[in-house]
Amino acid sequence: MKNDFVSSGRAISDMKAHLVLKTKYRRKAFTGEMLNRLHEIISNLCQKWNCKLIEFNGEEDHIHLLFQYYPQMDLSKFVNNIKSVSSRRVRSEFAEHINSIYWKDVLWNESYLIASCGGVTVSILREYVENQNAPD
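As a starting point, this report considers the structure included with it. Since this is a predicted model, take the numbers as computed values, not measurements.

1. Some remarks on the pairing of strand β3 (residues 15-23)
Now for step 1: Here eight bridges tie β3 to strand β5 (residues 62-69), and the two strands are oriented antiparallel to one another. Paired with Met15 across the strands is Tyr69, a residue of β5.

2. Notes on the sheet that holds β5
Now for step 1: A sheet is described by the order of its strands in space; here four strands give the open sequence β4-β5-β3-β6, paired in antiparallel fashion. What marks the edges here is a single partner per strand, and that holds for β4 (52-58) and β6 (108-117). With strand direction ignored, the average angle separating the axes of adjacent strands in the sheet is 15°.
Now for step 2: In this fold helix α2 (residues 75-93) packs onto β3, β5 and β6, with an angle of close to 135° to the strand it touches most, β6.

3. Some words on the environment of Ile98
Now for step 1: As for its placement among the helices and strands, Ile98 is situated in helix α3 (residues 95-99).
Now for step 2: Judged by its relative accessible area of 1%, Ile98 is buried.
Now for step 3: For the pair Ile98 and Phe30, spaced 68 residues apart in the sequence, the C-alpha separation amounts to 8.7 Å.
Now for step 4: Each residue touching Ile98, except ones within four places of it in the same chain, is listed here: Ala29, Met34, Val90, Arg91 and Leu107.

4. Structural notes on the pattern of salt bridges
Now for step 1: In the structure shown here, the tally under the stated rule is six salt bridges.
Now for step 2: Residue Lys24 is joined to Glu110 by a salt bridge in which the shortest nitrogen-to-oxygen separation is 2.1 Å. Of this pair, Lys24 sits in the loop between β3 and α1 (32-48) while Glu110 sits in strand β6; the two residues are 86 residues apart in sequence, bridging distant segments of the chain.
Now for step 3: The class of Lys24 is buried, set by a relative accessible area of 13%.

5. Here's the deal with the nonpolar core
Now for step 1: Grouped together as the largest cluster of nonpolar side chains are 31 residues, with contacts concentrated most on Phe30, Ile63, Leu65 and Phe67.
Now for step 2: Of the residues forming this core, the biggest block, seven residues, is contributed by α1.
Now for step 3: The contact partners of Leu65, leaving out residues within four places of it in the chain, are Ala17, His18, Leu19, Ile42, Leu53, Glu55, Phe56 and Ile82.

6. Comments concerning the packing of α1 against α2
For any two helices packed against each other, the geometry comes down to the angle between their axes and how far apart the axes lie.
Now for step 1: Axis separation between α1 and α2 bottoms out at 10 Å; the angle between their running directions is 140°. Here α2 runs oblique to α1, going by the angle between their axes. Crossing handedness for the pair α1 and α2: right-handed. Of α2, the residues touching α1 (which contributes Met34, Arg37, Leu38, Ile41, Ile42, Leu45 and Cys46) are Phe78, Asn81, Ile82, Val85, Ser86, Arg89, Val90 and Glu93.
Now for step 2: Residues that form the contact of α1 with α2 fall into these classes: ten nonpolar, two polar and three charged.

7. Focus: the side chain of Lys83
Now for step 1: Tracing the chain through its elements places Lys83 in helix α2.
Now for step 2: Comment: no salt bridge for buried Lys83; closest opposite-charge side chain is Glu110, at 7.1 Å.
Now for step 3: Residues contacting Lys83, with those up to four places away along its chain left out, are Leu21, Trp108, Asn109, Glu110, Ser111 and Tyr112.

Here is what the cut-offs are and how they apply
- Residues numbered from 1 in each chain as written.
- Predicted model: local features only at pLDDT ≥ 70, side-chain atom pairs only at ≥ 80, totals over all residues.
- Heavy atoms only, no water.
- Pairing = 2+ DSSP bridges.
- Helix = DSSP H or I, 4+ residues; strand = E, 2+ residues; numbered from the N terminus.
- Axes fitted to C-alpha atoms, helices over the stretch in contact; angles between N-to-C directions.
- Contact = heavy atoms within 4.5 Å.
- Buried < 20%, exposed > 50% of the residue type's maximum accessible area, 1.4 Å probe, protein only.
- Salt bridge = Lys/Arg side-chain N within 4 Å of Asp/Glu carboxyl O.
- Core = buried A, V, L, I, M, F, W, Y, C linked by side-chain atoms within 4.5 Å.
- Parallel < 35°, antiparallel > 145°, perpendicular 65-115°, else oblique.
- Left-handed = near helix turned anticlockwise from the far one by under 90°.
- Nonpolar A, V, L, I, M, F, W, Y, C, P; charged D, E, K, R; others polar.
- Lys, Arg positive; Asp, Glu negative; His and termini not counted.

In structure tokens form, the structure reads like this:
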């Protein structure tokens, strides 16, 4: 993941985020087939939002995404789009399984975790900034 800089207009960036989405009530709703389908859905959404899905994985009750994005992207809208589109598609494609777990049209918990991540630690970046040669 070193030197993964992307250029857009007048900005060069390397912004990555780790997103975790949990199922509603932390119910064990996902099968391996459903996780594969979620991977496809989210990969397609990332392309539409002009970002790059680096890694995807999950368990029965949550998923993890690592993606690279441009600075102008509105992360909260992106996350809400992922949640709404993936929920709608998974609930329609795996209706029998999902309906045995949830009685309402839900899939995701309202909350989510998103954390920025980059190529260097904060301490290394702080040291780099501190050691700049400021003019006298």
